[in-house]
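Residues per chain are reported as follows:
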Protein chains: 2
Amino acid sequence: MAPRTAADIRRSNLFQVLRRVFAGAPTSRQEIVAQSGLSMATVASIAAELLDAGVLLEVAPTTRGKGRPLTRLALDPEYGSFVGVDVAETYLHVTRYDAALTEVASVRREVDGEDDRVRSPEDLERHLTELLAEVAPDRSTVRAVGISVPGLVDDETGVSVYAPSWDWRGLPLRSTLSERWSLPVHLDNPLKALMVSELWHDPGAAEANWAVVNLGTGVGAAIAVAGELYRGASNSAGEWGHTTVAVEGRQCRCGGTGCVEAYVGAPGLVAFIDQVAPGHPWTSLGETAAVQGLSEGVASGDEVAEQVVAAAGAYLGAGLANLVNTVNPARIVFAGWVSDLLGDALLAAARPGVEHQALARPLQSVTMTRLTRPGNAVAFGAATFALEASLSQAHTEGSR
Amino acid sequence: MAPRTAADIRRSNLFQVLRRVFAGAPTSRQEIVAQSGLSMATVASIAAELLDAGVLLEVAPTTRGKGRPLTRLALDPEYGSFVGVDVAETYLHVTRYDAALTEVASVRREVDGEDDRVRSPEDLERHLTELLAEVAPDRSTVRAVGISVPGLVDDETGVSVYAPSWDWRGLPLRSTLSERWSLPVHLDNPLKALMVSELWHDPGAAEANWAVVNLGTGVGAAIAVAGELYRGASNSAGEWGHTTVAVEGRQCRCGGTGCVEAYVGAPGLVAFIDQVAPGHPWTSLGETAAVQGLSEGVASGDEVAEQVVAAAGAYLGAGLANLVNTVNPARIVFAGWVSDLLGDALLAAARPGVEHQALARPLQSVTMTRLTRPGNAVAFGAATFALEASLSQAHTEGSR
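Where an unreviewed UniProt entry is consulted, chain A appears under the name ROK family transcriptional regulator, with the organism given as Pedococcus aerophilus. Recorded in UniProt under Sequence similarities (unreviewed entry), the annotation for chain A is "Belongs to the ROK (NagC/XylR) family."

Caption draft 1: Representation of the relation of the copies chain B and chain A. Mapping chain B onto chain A calls for a screw motion: a turn of 180° about the axis and a shift of 0.0 Å along it, with 0.0 Å RMSD after fitting. The transformation relating the two chain copies, once decomposed into turn and shift, fits a two-fold axis. A symmetric contact is evident, with 100% of the interface residues of chain B recurring at the interface of chain A.

Caption draft 2: Representation of the interface of chain B and chain A within the structure. With 54 residues of chain B in contact, the opposing surface of chain A contributes 54 residues. Carbon and sulfur atoms supply 57% of the area that chain B and chain A bury against each other, a total of about 4600 Å² over both sides. At the boundary of chain B and chain A, one finds 2 salt bridges. At the junction of chain B and chain A, the tally comes to 37 residue pairs in polar contact (both at pLDDT 80 or more). Where the side of chain B that touches chain A is concerned, the elements lending two or more residues are strand S8 (152–154), strand S13 (219–225), helix H10 (303–327), helix H11 (337–357) and helix H12 (360–364) of chain B. In terms of residue count, the dominant contributor to the side of chain B that touches chain A is H10(B) (7 residues). The residue makeup of the side of chain B that touches chain A, split by class, is 28 nonpolar, 20 polar and 6 charged.

Caption draft 3: Broad picture of the pattern of salt bridges. All names here are of chain A. One pass over the structure, following the stated rule, counts 38 salt bridges over all chains. Salt-bridge contacts for Arg231 lead to Asp188; the nearest nitrogen and oxygen are separated by 2.7 Å. Placement of Arg231 in the loop between strand S14 (228–230) and helix H7 (260–264) and of Asp188 in strand S11 (residues 185–188) is noted, with a sequence separation of 43 residues between them. Take Arg231: its relative accessible area is 24%, and that puts it in the partly exposed class. Among the charged side chains, a salt-bridge network with shared partners connects Arg109, Asp123, Arg126, Glu130 and Glu134.

Caption draft 4: Spotlight on the packing of aromatic side chains. One pass over the full model with this rule turns up 14 aromatic pairs over all chains. On the numbers, 5.6 Å between centres and 65° between planes, the contact of A:Phe22 with A:Trp200 is edge-to-face. Here A:Phe22, found in helix H1 (residues 6–24), pairs with A:Trp200, found in helix H6 (residues 190–201); they are 178 residues apart in sequence, far enough to count as distant. A single burial state applies to A:Phe22 and to A:Trp200, both of which are buried. Geometrically, the ring pair formed by B:Tyr263 and B:Phe272 is tilted, given 6.2 Å between the ring centres and 35° between the ring planes. Given the relative accessible area of 4%, B:Tyr263 is considered buried. On the accessibility criterion, B:Phe272 (4% relative accessible area) is buried. Over the face of the ring belonging to A:Tyr79 we find A:Arg143, whose NZ or CZ atom lies 3.7 Å from the ring centre. Against the face of B:Phe272 rests B:Arg250, its NZ or CZ located 4.0 Å from the ring centre.

Caption draft 5: Main features of the nonpolar core. In this structure, A:Leu320 and B:Leu320 are the most contacted members of the largest nonpolar core, which totals 114 residues. The contacts of B:Leu320, once residues within four sequence positions are left out, are B:Val213, B:Trp240, B:Phe334, B:Leu347, B:Ala350, B:Val354 and B:Met368.

Caption draft 6: View of the side chain of B:Ser197. All names here are of chain B. Locating Ser197 in the fold gives a position in helix H6 (residues 190–201). We classify Ser197 as buried; its relative accessible area is 0%. The contact partners of Ser197, leaving out residues within four places of it in the chain, are Ala377, Phe380, Gly381 and Thr384.

Caption draft 7: Highlighting the domain arrangement of chain A. Residues and elements named next belong to chain A. Looking at the assigned domains, one finds that chain A contains domain 1 (6–75), domain 2 (78–188 + 377–398) and domain 3 (204–365). For domain 1 versus domain 2, the separation of C-alpha centres amounts to 29 Å. Taken together, the 14 residues of domain 1 in the interface contact 10 residues of domain 2. In this assembly, domain 1 packs against domain 2 so that about 1200 Å² is buried in total across both faces, 67% of it on carbon and sulfur atoms. Joining domain 1 to domain 2, the criterion identifies 1 salt bridge. For the interface between domain 1 and domain 2, the tally reads 2 residue pairs in polar contact (both at pLDDT 80 or more). Elements represented by at least two residues in the side of domain 1 that touches domain 2 include exactly H1 and helix H3 (40–53).

Conventions and cut-offs
- Residues numbered from 1 in each chain as written.
- Chains lettered and ligands numbered in written order.
- Predicted model: local features only at pLDDT ≥ 70, side-chain atom pairs only at ≥ 80, totals over all residues.
- Heavy atoms only, no water.
- UniProt positions renumbered as here; feature names shortened; annotations may be inferred.
- Least-squares fit on C-alpha atoms with pLDDT ≥ 70 in both.
- Contact = heavy atoms within 4.5 Å.
- Buried area = accessible area lost by both parts, 1.4 Å probe.
- Salt bridge = Lys/Arg side-chain N within 4 Å of Asp/Glu carboxyl O.
- Polar contact = N/O pair within 3.5 Å; in protein donor to acceptor, adjacent residues only side chain to side chain.
- Helix = DSSP H or I, 4+ residues; strand = E, 2+ residues; numbered from the N terminus.
- Nonpolar A, V, L, I, M, F, W, Y, C, P; charged D, E, K, R; others polar.
- Buried < 20%, exposed > 50% of the residue type's maximum accessible area, 1.4 Å probe, protein only.
- Phe/Tyr/Trp six-rings, centres within 6.5 Å; stacked < 30°, edge-to-face > 60°.
- Lys NZ or Arg CZ within 6 Å of the ring centre and 35° of its normal.
- Core = buried A, V, L, I, M, F, W, Y, C linked by side-chain atoms within 4.5 Å.
- Domains from an automatic or database assignment.

Written out as structure tokens, the structure is:
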């Protein structure tokens, strides 16, 4: 990560303004100044440029209280549309948003059956092309597509460096799909997408440093520092799912042993069911059904479910404490399908471990909550990074 | 951490200029511009202000090659002196530097004997007052004192929040000593001091994100993001020594179990000696002598020493891999007295674990090296944060 140059600061200011306009919906230049700490000159100049480009529009002022009515800014839905794609191990989810980031059309395809399983990059490209056509029959209205793929992604080159679910390495997804669709495509992973989604929805809270934890088939985290996604030296920061909580512990699919993911990812939960109750019917139906079973089991006080959640929670607690002690975030938000189904129980089971292992001072500064925003946050985040990337390019070029 | 306001950016630019003048020793405005990405207007204005204040001086230009000779800038040693204090569990080290950060006087007192052990805050205050008088008989030439104390520190209030070695909690060291000495005092912990020291010595490399790992009685890390010390939500970021590598593992003095420090801190190494060779003479002489014994043992091929280093190395490796996977730093630098005595052997023993547990991409981007800079890097870092804090205050007030 290079030091902040004038261009970085311009880009960061641009994102601040965009996110605050979105979250304020609508909001005034004065409110943005008050909330962001940016100068009025900066906010006014960015707003003027975005109004010019058609990204923002001015909303008729409404009088509130005694003050002079303020012109408010909003994202202009007419600017075009952005598509966000959530490529998961067990499903594909594609959503089209207008340029005010309101959902226009959404489609989800399960790919965990024998017939529709994604086996090759070509399978994925075919599925995504079909789904894109469903949400955007007229592709010419789409300004850009953001795609989230699990694993390690090089966002600068648009390459899926390593996707553990399919064992793909060095796949140039961005250039392949961008060429096939004649559209700008931006690639990153679900954690980065989730974090950018949160930064859009809550730009005020995002001023603090912050972590998003994804609990799904894979497990990972994203970190924000001072309201910006922290990528690390090679966009690999936040590979928390592959941090060790048990030296010489369980084998993980990454090749390591004792990783958080090996205990807390969906296959790790299935392994705990096998351990607690060998041959239990939940394990024969695939990981989605098994986690669903655990979720229902916890609700009905089933003993196997409670033992599994307690066992996994101990490892999750240690892993979360490591995140708290290393990163000292103000907030940890939990997302992902395992979190949606089983998050409350897992977090409750993890809490004693977090309290035992985290130091008092960073523990006091952190809140842990489950993401409950409606819609697919990964697809939303993918669409916002497509929007950010296209505007940032125009903005930086415009300022030369 | 608040978003970067104009004052933050001014402060960050000030530090960039100061550090590059120090590392360049001397350097020109043009070189600073080329290396830092700051504008000439910014560099020239900061330089003018620092020249005015007497912090910098201009050095007679030397002609190099065919170019126009450039006026070079240097820190002015006459500006006053800064004292850096390294409070460790087993010794106290106090160094006075001139304002060009050249060491003027240095004194070290061992405090691991029965008679001189630090038992109360009053003991520490008395020791430090005596040592300060030794390095700075005329206290009026001292501009500020920076003190590093182990454990959790609130840098803003100058309180030692928790010092595990003495079980001190909430000790207002800064106000006590500042009042006693009638001098500005700045407080932080050794990791933060080490990182700031590195950022001064190597401002170019510091552009990347980066970690410093301290191996001593306690174990910890500091993280830099984009060339700046990353503090987290409550100045607790980098408490890597208390991250779990073994759920339900060894008891740690923090109250947790299975922490990196419990295996890799000096008492952890002593515990491994006891485990490998119960009653071994190394363990009866205190932790400093034990680590010294291990160091000599490794050099002479002693089997006990090799087994201990291998055992501790496995846990160190998992801990380092966690840092690599979570933070994705470009560089990890090892410091501290255990690193000085045993670092090469421990790092060699840790490497297989790091390679096994770290993901390929963040592993490829990280280099790991032992700090070999002469002098006490913690005392130097403490002096630099005293210098930075006093200039930053003057600078921010001056710009109002």
